[in-house]
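Read off the chains here:
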Amino acid sequence: MTNFATDALDIAGIDAFYGDSHVLHGVSFTLRPGRLLGLLGRNGAGKTTCMNTIMGFLKPKQGSISLFGEQVGGLAPDTIARKGICLVPQGRRMFRSLTVRENLMVAAQRARGPSGGPGWTMDRVFDLFPRLKERHAQVAGSLSGGEQQMLAIGRALMGNPRVLLMDEPSEGLAPQIVAEVGRIIAQLKAEGQSIVLVEQNIKLALELADDVAIINTGVVVHKGDAKAIKLDDAIVSQHLGVF
Amino acid sequence: MQWQFWIIQTLNSVAFGGLLFLLSSGFSLIFGLMRIPNLAHGAFFMLGAYFGYSLLARGGNFWLVALVAGLGVGLLGIALERFVLRQISGNEQGQVLVTLGVSFIIADICLLAWTGDPMPLPAPQALRRPLIIAGYAFPTYRLVVLVIALVAAVGLYFLMERTRIGAMIRAGVDDMEMARGVGIPVSRLFTLVFLLGSTLAGIGGVLGGPILNAYPGLDADMLPLALIVVILGGAGSLLGAFVGSFAVGFLYNFGIALAPDLAYFVLFLPMVLVLVFLPQGLFGRVQL
Ligand SMILES: Nc1ncnc2c1ncn2[C@@H]1O[C@H](COP(=O)(O)OP(=O)(O)OP(=O)(O)O)[C@@H](O)[C@H]1O
Ligand SMILES: [Mg+2]
């Protein structure tokens, strides 16, 4: 479904494979500008595979991916990143031997697009995460899990994303850090950032999301409004509940 | 055995270590970033020596010749990366085999162009007289080779540790896919690292010429040493290439001088031990 205004990200009929194993089957969803789409599903449902396909790590065999109306499906990951899709990957994937400052520096891209805004710089990232500023000369591999997650978010922001992909940013973090990550995401959304948020923490995701897509064994099984899903226990327990 | 023996062997070892550093620093960076050993690297070194021989025979200035021959080899390295390896990117086994094939082709061409006889490269006139310190004679040229290798090491350190490009290369060594994912143009870094590595190997060939001569088989003599350096030091680690080069320089020289029959044993034993107990090398991060 396409609106008059261009969608920030439009995924249409994606099929993706790891070798011979067919993981995504005709996945479609749409992220509208300035909104937050929660992409939910159980372990192994194919959420990370979606992120990897959008980022270009995995080439889709079928379907199209468009960023503000521009086709980006099948491009190289570095080209896709420079066009403005930035990823906070599952497991954080810091450049472990680089310092905090270097991790941010190598990911810096100029701000693009008409919306303007101040754009992300290292100083702004350090304002957002004072802990990173304190540890700017430390190698990333020596940071705590929470600090690494903040660095992963900061690194993605340095790319001045037009669309920010976040893959389980709360995974493996202590509760008060999860709350802090939640506040940061809410703040980014308030500033107008378009976000796709993958989460196993359903409560967190439904608090933050405007729209929700639920994926199950590589198929989108439900799309809708986050508020509606929050009230619909049947959907939650059918597609997201733990058995 | 007297003092003189130990001092001269030590100097020979560090000078040879310097040459090995010029050879293996680039080899290691390529290995760390692209995950493949460039088996043509020994042939690049040999080609540098032959280019140097021919340019010197035409009366070129030694240092200028080293630079020109190095850049010539560097351009060849770019060609190998762009027009051959990139065509089969993702197929690492294929890439390794291709670099081996290219090394055979280069060796054959050298045999055709420069015959099978060893070609001696004359050291610069000013450096042929030994340096006399405290009554001992030191081979001046070898000292200068060592100094040049140290300067190259400092330059590479600066590039890798103090520039954005260096940080990008290290990011690619850490996690290549994620490096692409943050917008780093990794394939351009491949070209750059290949240019840098082959140029250094070519310059090393010229500088090594007055010590080793240019001869068929120089490539096959040098390549295993570079491999040992990288296995000892760890792929993609500049510090590892530095420490590994001088370690191998010592093992090789003293092995040959003291126990010629066991020279290869002395060389390969530490490599096997490192492979067994420290598979990433002393300073490396990439699992070979
Ligand atoms: N590199 C790979 N090679 C082969 N199969 C893979 C690979 N990565 C994931 N898979 C398979 O693809 C399916 C989807 O995995 P994916 O990682 O996308 O799930 P996910 O929804 O992100 O799960 P989680 O919540 O555990 O992160 C799973 O069945 C998984 O086993
Ligand atoms: Mg996942």
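Please refer to the structure higher up on the page.
Right, let's walk through the structure included here.

Each value, and the rule that gives it
Residues numbered from 1 in each chain as written. Chains lettered and ligands numbered in written order. Predicted model: local features only at pLDDT ≥ 70, side-chain atom pairs only at ≥ 80, totals over all residues. Heavy atoms only, no water. Contact = heavy atoms within 4.5 Å. Buried area = accessible area lost by both parts, 1.4 Å probe. Salt bridge = Lys/Arg side-chain N within 4 Å of Asp/Glu carboxyl O. Polar contact = N/O pair within 3.5 Å; in protein donor to acceptor, adjacent residues only side chain to side chain. Helix = DSSP H or I, 4+ residues; strand = E, 2+ residues; numbered from the N terminus. Nonpolar A, V, L, I, M, F, W, Y, C, P; charged D, E, K, R; others polar. Near = heavy atom within 4 Å. Areas by Shrake-Rupley, 256 points an atom, 1.4 Å probe, with all protein chains shown as cover. Donors = N, O, S within 2.8 Å, 3.2 Å for Na, K, Ca; no water. Buried < 20%, exposed > 50% of the residue type's maximum accessible area, 1.4 Å probe, protein only. Pairing = 2+ DSSP bridges. Axes fitted to C-alpha atoms, helices over the stretch in contact; angles between N-to-C directions. Parallel < 35°, antiparallel > 145°, perpendicular 65-115°, else oblique. Left-handed = near helix turned anticlockwise from the far one by under 90°.

**What to know about the interface of chain A and chain B**
Right, on to step 1. Contacts between the two partners involve 20 residues from chain A, matched on the other side by 21 residues from chain B.
Right, on to step 2. Of the roughly 1700 Å² buried where chain A meets chain B, counting both sides, 56% is carbon and sulfur surface.
Right, on to step 3. It is Arg93(A), Phe95(A) and Val106(A) that lose the most area in chain A upon contact with chain B, and together they represent 30% of the buried surface on that side.
Right, on to step 4. Joining chain A to chain B, the criterion identifies three salt bridges.
Right, on to step 5. Among the ionic pairs, Glu102(A) bridges to Arg170(B), the shortest N-O distance being 2.8 Å.
Right, on to step 6. Where chain A touches chain B, the interface holds ten residue pairs in polar contact (both at pLDDT 80 or more).
Right, on to step 7. Among the elements of the structure, α2 (77–83) and α3 (100–106) of chain A are those that each provide at least two residues to the side of chain A that touches chain B.
Right, on to step 8. Residues that form the side of chain A that touches chain B fall into these classes: twelve nonpolar, two polar and six charged.

**Focus: the site of ligand 1**
All names here are of chain A.
Right, on to step 1. Looking at ligand 1, there are 13 residues lining it, with Gly 44, Lys 47, Thr 48, Thr 49 and Gln 200 nearest.
Right, on to step 2. One of the backbone N or O atoms of Gly 44 is found 2.8 Å from an oxygen atom in ligand 1.
Right, on to step 3. Protein chains shield 59% of the accessible area of ligand 1, which is 630 Å² for the free molecule.
Right, on to step 4. Split by residue class, the shell around ligand 1 holds three nonpolar, seven polar and three charged.

**As for the coordination of the magnesium ion (ligand 2)**
Right, on to step 1. Taken together, the protein ligands of the magnesium ion (ligand 2) are Thr48(A) (OG1) and Gln90(A) (OE1), with distances of 1.9 to 2.1 Å. Here the residue Thr48(A) occupies a position in helix α1 (residues 47–55), and Gln90(A) occupies one in the loop between β6 (85–88) and α3, the gap between them amounting to 42 residues.

**Here we look at the pairing of strand β9 (residues 211–216) of chain A**
Residue and element names in this part refer to chain A.
Right, on to step 1. With five of six residues buried, β9 lies mostly within the body of the structure.
Right, on to step 2. Across four bridges, the pairing between strand β3 (residues 36–40) and β9 is parallel. What sits directly across from Leu 37, in β9, is Asp 211.
Right, on to step 3. Pairing geometry for β9 and strand β10 (residues 219–225), over six bridges, is antiparallel. By the bridge assignment for β10, Ile 214 is matched with His 222.
Right, on to step 4. Here β9 hands over to β10 after two residues, with Thr 217 in that stretch at a positive phi of 40°.

**A closer look at the packing of helix α2 (residues 41–57) of chain B against helix α8 (residues 186–212) of chain B**
All names here are of chain B.
Right, on to step 1. Viewed as axis vectors pointing N to C, α2 and α8 meet at an angle of 55°, and their least axial separation amounts to 7 Å. Comparing the axis directions of α2 and α8 gives the class oblique. Crossing hand, α2 versus α8: right-handed. Contacts between α2 and α8 involve His 41, Phe 44, Phe 45, Gly 48, Ala 49 and Gly 52 on the former and, on the latter, Gly 197, Ser 198, Ala 201, Gly 202, Gly 204, Gly 205, Val 206 and Leu 212.
Right, on to step 2. Broken down by class, the residue content of the contact of α2 with α8 amounts to six nonpolar, eight polar and no charged.

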